[in-house]
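# Report on the structure
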Amino acid sequence: MIEFRVNGNTQRLDVEGDTPLLWVLRDTIGLTGTKFGCGMGLCGACTVQMNGQPIRSCSMPVSAIHGQEITTIEGVGTMDDLHPVQQAWIDENVPQCGYCQSGQIMSATALLASNPNPSDDEIKQYMAGNICRCGTYPRIQKAIKKASR
Ligand code: FES
């Protein structure tokens, strides 16, 4: 039995300990906002937060998160109460295809929680692990700047 919290709710699950957290979130719990990209910890599409820090859920065995607090894109804000990063994403029309964007937002919100007013270089460095095949990087950069003010 593995126990952890997701977006404030306690989960007690009878799953194999080596199952990647991504598949437990998507298939067992039904939180499909977190996406599968490379499956090798390289693209960032599967980014969630563990205790506020961004992690790659595709390469994190669920046994490693026993007792931890996980936040997914579903826990960031609501349609009635958007996180400032989500509002900035809308204002700057950041997404193109949208596939990588929940991972981008999970990294961006973690960045601003630890560094509320990052420099351009700090944003670039922090976000470097989140790949976007549509090349929305300039808009991501602008939206994070906007949300940081
Ligand atoms: Fe996890 Fe690419 S799907 S980093």
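Described below are features of the structure shown in this document. (Residues numbered from 1 in each chain as written. Predicted model: local features only at pLDDT ≥ 70, side-chain atom pairs only at ≥ 80, totals over all residues.)

Where helix H2 (residues 84–91) contacts helix H5 (residues 137–148), the two axes come as close as 8 Å, and the packing angle between them is 135°. On the basis of the axis angle, H2 is oblique to H5. When the axes of H2 and H5 are compared, the crossing they make is right-handed. From H2, Pro84, Val85, Ala88, Trp89 and Asp91 reach across to H5, where they touch Ala143, Lys146 and Ala147. Along the lines of polarity and charge, the residues of the contact of H2 with H5 split into 6 nonpolar, no polar and 2 charged. (Axes fitted to C-alpha atoms, helices over the stretch in contact; angles between N-to-C directions. Helix = DSSP H or I, 4+ residues; strand = E, 2+ residues; numbered from the N terminus. Parallel < 35°, antiparallel > 145°, perpendicular 65-115°, else oblique. Left-handed = near helix turned anticlockwise from the far one by under 90°. Contact = placed C-beta atoms within 7 Å. Nonpolar A, V, L, I, M, F, W, Y, C, P; charged D, E, K, R; others polar.)

Quick look at the nonpolar core now. With 36 residues, the main nonpolar core has Leu21, Val85, Ala108, Ala143 and Ile144 as its most contacted residues. In terms of residue count, helix H3 (residues 101–114) provides more of this core than any other element does, 6 residues in total. In terms of domain composition, this core takes at least three residues from each of domain 1 (2–75) and domain 2 (84–148). Among residues more than four places away in sequence, those in contact with Val85 are Ile105, Ala108, Thr109, Leu112 and Ala147. (Core = buried A, V, L, I, M, F, W, Y, C linked by C-beta atoms within 7 Å. Buried ≥ 20, exposed ≤ 12 C-beta atoms within 10 Å, placed from the backbone. Domains from an automatic or database assignment.)

When we look at burial in helix H1 (residues 21–29), the residues that qualify are Leu21, Leu22, Val24 and Leu25. In this fold, the buried residues of H1 make contact with strand E2 (9–13). Following H1 by one or two positions, Gly30 adopts a phi angle in the positive range, close to 85°.

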